[in-house]
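If you want the building blocks of each chain, they are given just below.
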Amino acid sequence: MWKTITSAAIFFGLSSLPVAVGLAVASDDHVCHAPQGMAAMSHEAAAKFGETLGYRITRIETEHGCYELSGTDKHGAEVELTLNPYDGNIVKNAETRR
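The sections below set out a description of the structure shown in this document. Counting from 1, residues in each chain are numbered in the order their sequence is written. Since the coordinates come from a predicted model, pLDDT governs what is reported: local features require at least 70, and pairs of side-chain atoms require 80 or more to be given and counted, while whole-chain, interface and lining totals use all residues. By convention in this description, side-chain values take in all heavy atoms of the structure and omit both hydrogens and water.

Runs of E in the DSSP output that reach at least two residues are strands. Runs of H or I that reach at least four are helices, and both are numbered from the N terminus. Along the protein chain, the regular secondary structure elements total three helices and four strands. Between buried and exposed lies partly exposed: a residue is buried under 20% and exposed over 50% of the maximum accessible area for its type, with that area taken using a 1.4 Å probe on protein chains only. Across the 98 residues in the protein chain, those meeting the buried criterion constitute 24%. Taking as baseline every contact in the protein chain between residues at least 6 positions apart, the subset at least 24 positions apart corresponds to 35%. Using the Shrake-Rupley algorithm and a 1.4 Å probe, accessible areas are obtained, with residue cover drawn only from the displayed protein chains. Working note: accessible area of the protein chain is about 7,000 Å², and carbon and sulfur atoms make up 59% of it. Here a residue-residue contact requires only that any non-hydrogen atoms of the pair lie within 4.5 Å.

See the structure below:
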């Protein structure tokens, strides 16, 4: 009986793994939607915003409606910010130390 219960637990545990991994991947993709009648900030304004946070912004790309700002911090570590260009909220902040 324990063998059957253990086998069932392993089967159901492993079969739900792709769902959990899929949710983790999906939650990493950010989408920024424009509220009706609201315009996105310019890339120049986004770069200035990043600079006010202490970063040197070297590249800005638009993905899924969000701005991805890349650059370095005051210590020279690479940073990437995902910014909602409609409300100015930082959706994701990643730093890579060298």
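From this point, things continue past the structure.
The residue Ser70 is located in strand β2 (residues 66-72) in this model. We classify Ser70 as buried; its relative accessible area is 9%. With residues near it in sequence (within four places) discarded, Ser70 still touches Arg56, Ile57, Thr58, Arg59, Val79 and Glu80.

Attention now goes to the nonpolar core. Among the nonpolar cores identified, the biggest contains 10 residues, and these are Ala46, Ala47, Tyr55, Ile57, Ile60, Tyr67, Leu69, Val79, Leu81 and Leu83. Those elements giving two or more residues to this core turn out to be α3 (43-52), β1 (56-63), β2 and β3 (78-83). Examining the composition of this core, we find that three residues originate from one element, β3, more than from any other. In this text, buried Ala, Val, Leu, Ile, Met, Phe, Trp, Tyr and Cys residues form a nonpolar core when linked through side-chain atoms within 4.5 Å.

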